[in-house]
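# Chains, contacts and geometry: an overview
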2 protein chains.
Amino acid sequence: MNQPEFRDSVPLHFASHQEVYEETIRKATAIFSKTRELLKKQGYDANNFVNFMDIMLGDGFIREVNPLRIHFSMFIPSIKAHGSAEQQDRWLQKAVNCEIIGSYAQTELGHGTFLRGLETTATFDEDTDEIVINSPRLSSYKWWPGALGHTVNHCIVMAKLYSKGRYHGVNPFMVQIRDEETHMPLSGLEIGEIGHKVGFNGVNNGFLGFKNFRIPRSNMLMKNAKLLRDGTYQKPISSVLNYGTMVFVRVIITRNMAQLLAKAATIAVRYSCVRRQSVIDPNKPEVQVIDHQTQQVKLLPQIAKAIALKATADNLWKMYEATQVDLETGNTDRLPELHAMACCLKAVSSADTAAGVETARYLVKVWNQALKGQRLMPTVRYLEQYATNSVKRFAWSDSTPVIIEAFQAVTANRLRLANEHIQQRVKAGRTPQEATNETGLELVRLAEIHCRGFILQSAYAAIEQACQTASQPLGEVLREICRLVVYDEALRITGDLLRFTTMSDPDLVELQRKYEASLGAIRPNAVSIVDAFDYPDFILGSTLGAYDGNVYERLFEDAMKSPLNQEPVNRTFELYLKPFMRGKL
Amino acid sequence: MNQPEFRDSVPLHFASHQEVYEETIRKATAIFSKTRELLKKQGYDANNFVNFMDIMLGDGFIREVNPLRIHFSMFIPSIKAHGSAEQQDRWLQKAVNCEIIGSYAQTELGHGTFLRGLETTATFDEDTDEIVINSPRLSSYKWWPGALGHTVNHCIVMAKLYSKGRYHGVNPFMVQIRDEETHMPLSGLEIGEIGHKVGFNGVNNGFLGFKNFRIPRSNMLMKNAKLLRDGTYQKPISSVLNYGTMVFVRVIITRNMAQLLAKAATIAVRYSCVRRQSVIDPNKPEVQVIDHQTQQVKLLPQIAKAIALKATADNLWKMYEATQVDLETGNTDRLPELHAMACCLKAVSSADTAAGVETARYLVKVWNQALKGQRLMPTVRYLEQYATNSVKRFAWSDSTPVIIEAFQAVTANRLRLANEHIQQRVKAGRTPQEATNETGLELVRLAEIHCRGFILQSAYAAIEQACQTASQPLGEVLREICRLVVYDEALRITGDLLRFTTMSDPDLVELQRKYEASLGAIRPNAVSIVDAFDYPDFILGSTLGAYDGNVYERLFEDAMKSPLNQEPVNRTFELYLKPFMRGKL
């Protein structure tokens, strides 16, 4: 691990895009060569090697992510999952030895997880016993597969199979895409990398277009489905089987997320013990930030979540393994459940909203002023009525101004409780500062609700004013926008509304219904509204958001500007890849 | 705007860190020269120029953010806010003309917004009528100020003033840091840029250390506070006055956020009208993604929020202006309110949690199976009891397993409602697919809660199993971790718990109390727990999270590796800055 060739000479975040790629390839091949060498000494086991490469390596050494990882995590597993015994004989050992290096190409420029939407076609030609692959249009180009740009020479391609004029669903095909000797792209293909991304810039994500590109029929992967010499198609026992690789990836993602969260928690907790900021007791030095309850609430649940997510990933992994055993006996019963759980876990993520504790202290201060009958400043004046009246539930109705008032009622009631809790803690012997710190969660939350109420009030006032001079149809749109943001915020604090207002369960259902109606009402005007923001293209600088909507052309044009796309073979092939693949590195 | 010199020859995201900076300086000076030239033709007004430079320009042309912006947004405003009439005569016109270019240095390596924690000292020397500035330790170095690295030659420095052996609080000082002729750093200073960041790589954020660096007493900015020849300090009428620049920046940030959100909404809405994904009706083509209700809920509230936030920023701006008028008459009453509101608005942000609608469809399917008495798969088996029993509230208690069951009860009850709403929509003439799409919000939310319940259940099972062999103290820590994540998740769905379980208001208060206690209980073990994750430093690759805690040394070491730090003057000074500052560009 301390070998100099595994390290960057200069931190890669200072390097250019091309330098990042070249250095990543240099390092990845050095690490993998060394590992293979060590494993061979201990009695070389191909499966151990693959597992070791896939699971353990890459992210630590190669922060921009290892472009060879997909070879181990998707290309080789796909050969196992979809290749017949004869096909596994042909490709598996070569792949394990890295004599061929492959990617997995499913996603297209215009289509992602909705597999039936893929456009790449694979048409059987009975005369030559070949399959002809085509990208009918630009949106059909394969787009995003890792290492596809300039790294791999093989690829498993998901495409729609046609034979005898009939459509037989999406199937996997083994496709050689570059010459093994020269690494030149083969004729009939257009290959390159998709350019700079936020993160993953070592991965060499690529694109691949086909123009009447021919492969032998025997290159269709036929463990599950089969295509006979006469063009007859034999279905797999379950159509889900062809999607196995994607399920595997989702299962892996949950584990990766747990690892990332654990790393992040490690960094954050350690730093929070070094960093000092603000005092709790004004007569003492600044505290370690981890001593602020508001910081604890950011950090500590993340530790717990990392562990919970790891347990979840392990649980999911067991489900995956059990399903794989079932599949060997032809039992596909648990596949949909696994698929659903893997999708769901992939999608769940969380984020925190924080508001300055400064504000909360300010609110406590003015609350106590109000209790003494003092006059408050405009943005907090609403607190006066709650501080002087006896406690009662706010009368709910779902008109815009009343909902905004409800935010104020919630803030006031939360403020009353937080203030009481501070005083209880003081009576129990805490200093006012300690008591305030220990009531931090409540304070931050109520400060946030206060702030959101202010945002809603500001929006409402501005829109009502604009409506005085706007045309009647424009006024309607503006008021709908206001309702939408008010409903959206209200539905985020239903717990508070149920506690502190007279909102009933039917009221809540009705609010949800109005929210849905508001979404539908704004939908037809959405483009006009953002057009009215009036950002010219050169300010937006976005291929995806340009005024003319020529999304794919712009994406492609932009990718072609990458320096890596200016020559067909990158020099790392001769320097590292070729010697590595020939076992000479 | 179409001038070739305002454009990048190659997209800057392909360039190296140093190239990004050099190109940014080239472009920024070209744009500002041109603007100045045009304004002069119309009758040059210095204030118009400053406002124009600060507000209108930069972000569109210079995606890596303009390093000269801080000169207009903080350096010049600070001279106005803190400089006496005589001092404004000395520096203001020069700054407006860009004959001198400045930054604003408050933040230090070890201290941010907690102003009293700053460590840089400014000690009055009566013998020479000078002020001696020092950075007592590495954590006292100024750190982050924009353009401080290699761009500016002046800087307003916030430092703790001492005279006659007494401390007089944090005050602002005008400091020249580089030679105007050669741009060499002045003796007694250590200057450089802090390296690569996520975004803002054109800004040239810098560091600045002082070693017995002397400035004339007359360089202390004395509009509010005064330091007399004999060392007497005259306080400002309000200590808040010295923080005015930071309040101004927070007010600006809210406006910037509204603009960024509006830009993002523009991009997202337009792309969502081009991109097609998945069908709603299986017999029709894939729909524009904006037609999915689940996509609408992501996009449309953002449009509304951008508008609401803009209205809020305008409102805040009015508060700021009113406060400025008050200040001229010595009235500081509204400053704390403004400060609190500006802090709060700066901190508020939101993020969405999404779960796959796939999973939701799966849940609806198995729910209907359960209604028919069919046996369900393990992860959804809990639904069976809710599908066969009559509706009743789940009996709340706050033990860990019961809370986890409560998540299941909530999911089941939400599923019951969503299923009823789908059926109602079908009865009203919708196709089942349309009805499902229109119930998308409810479905996604319940799928998320289902998923979170699964995460909690997985964590609970894994920890209970580990506790069977763990030591008693270790077992206690593990169970505390489990409680923390369970409480944390439960407190995010209090609305649901109040609706669908017997949880009362006192129950909720008690849960909050337990959550706070759990944070406190885990706090002492937090470092041990993350140490136990056992990531070696070379895997973490983090200056902030290294095992030894030598945070500042590592940060500094890392910054010194930047190519820009390898020579004291960057060539863009001779190429662009100097000619620009001399008006020769």
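Bear in mind that the values here come from a model prediction, so they are computed numbers and not experimental data. Residues take numbers from 1 onward in each chain, read along the sequence in its written order. As they are written, the chains are lettered A onward and the ligands numbered 1 onward, keeping that order. Local features in this predicted model are restricted to residues whose pLDDT is 70 or higher, and side-chain atom pairs enter the listing and the counts only when it is 80 or higher, whereas totals over whole chains, interfaces and linings include all residues. Computation of side-chain values: all heavy atoms of the structure, hydrogens and water removed.

Residue and element names in this part refer to chain B. If you trace the three strands from one edge of the open sheet to the other, you get 4-8-7, paired in antiparallel fashion. Strands with a single pairing partner mark the edges of an open sheet, and in this sheet they are strand 4 (142–143) and strand 7 (189–193). Any two strands with at least two DSSP-identified bridges between them are counted as paired. To qualify as a helix, a DSSP run of H or I must reach at least 4 residues; to qualify as a strand, a run of E must reach at least 2; elements of each kind are numbered from the N terminus. As judged from the five bridges shared by strand 7 and strand 8 (residues 206–210), these two strands associate in the antiparallel manner. Across the sheet, G192 pairs through a bridge with F207, a residue of strand 8.

Residues and elements named next belong to chain A. Any Lys or Arg side-chain nitrogen located within 4 Å of an Asp or Glu carboxyl oxygen qualifies as a salt bridge. The full count for this structure, using the stated rule, is 34 salt bridges over all chains. Residue K514 is joined to D398 by a salt bridge in which the shortest nitrogen-to-oxygen separation is 2.9 Å. With K514 in helix 15 (residues 505–522) and D398 in the loop between helix 9 (383–388) and helix 10 (400–427), this pair connects stretches of sequence that are 116 residues apart. Overall, K514 belongs to the partly exposed group, its relative accessible area being 25%. Within this structure, D125, E130 and R214 form a network of salt bridges that share partners. The cut-offs for exposure are 20% and 50% of the maximum accessible area for each residue type, with area from a 1.4 Å probe on protein chains only; residues under the lower value are buried, those over the upper are exposed, and the others partly exposed.

Once that is clear, we can look at the nonpolar core. Throughout, nonpolar core names a set of buried Ala, Val, Leu, Ile, Met, Phe, Trp, Tyr and Cys residues whose side chains join them through atoms within 4.5 Å. Core analysis: the largest hydrophobic core is formed by 125 residues, its most contacted members being L383 of chain A together with L363 and L383 of chain B. Contacts are assigned to residue pairs with any non-hydrogen atoms lying within 4.5 Å of each other. Setting aside anything within four residues of it in sequence, one finds L383 of chain B in contact with L363, V366, W367, L376, A412 and L415 of chain B. Membership of the second largest hydrophobic core comes to 53 residues, among which are L68, A105, I133 and M158 of chain A.

A few words on the environment of I70 of chain B. Residue and element names in this part refer to chain B. By the element assignment, I70 lies in helix 3 (residues 69–82). By relative accessible area, I70 is classed as buried at 13%. Linking I70 and T501, residues 431 residues apart in sequence, is a C-alpha distance of 54 Å. The contacts of I70, once residues within four sequence positions are left out, are F75, G102, S103, Y104, G146 and A147.

Quick look at the UniProt feature "binding site: FAD" (unreviewed entry) in chain A now. All names here are of chain A. UniProt positions are given in the numbering used here, feature names are shortened, and annotations may be inferred rather than shown by experiment. Taken from the UniProt record, the annotation "binding site: FAD" (unreviewed entry) applies to T107 and G146. In sequence the annotated residues extend across 40 residues, while in space they remain close, none of their C-alpha pairs exceeding 10.8 Å. For T107, the location among the structural elements is in the loop between strand 1 (102–105) and strand 2 (121–125). Setting aside anything within four residues of it in sequence, one finds T107 in contact with G112, Y141, K142, W143, W144 and P145. With respect to the helices, strands and loops of the structure, G146 is situated in the loop between strand 4 (142–143) and strand 5 (154–163).

What follows concerns the sheet that holds strand 4 of chain A. Residue and element names in this part refer to chain A. Here three strands make up an open sheet; going across it, the order is 4-8-7 and the pairing antiparallel. If you trace the sheet from one side to the other, it starts and ends with strand 4 and strand 7 (189–193), each paired once. By the bridge criterion, two bridges tie strand 4 to strand 8 (residues 206–210) in an arrangement that is antiparallel. Residue pairing in the sheet places K142 in a bridge with L208 of strand 8.

What follows deals with helix 18 (residues 551–560) of chain A. Within helix 18 of chain A, the full set of buried residues consists of V551, Y552, L555, F556 and A559 of chain A. Along the axis of helix 18 of chain A, the buried positions cluster into a sector of 125 degrees, meaning they face one direction only. The arc in question is the one traced by the directions running from the helix axis out to the C-beta atoms.

A few words on the domain arrangement of chain A. Residues and elements named next belong to chain A. Where each domain begins and ends is defined by an automated method or by a domain database. Segmentation of chain A into domains returns domain 1 (17–27 + 67–236) and domain 2 (247–528). Summarising the inter-unit geometry, the C-alpha centres of domain 1 and domain 2 are found 45 Å apart. Between domain 1 and domain 2, the residue contacts involve five residues of the former and four residues of the latter. The term buried area refers to how much accessible surface (probe radius 1.4 Å) is lost by two components on association, counted for both of them together. For the pair domain 1 and domain 2, the two sides together bury roughly 300 Å², of which 59% comes from carbon and sulfur.

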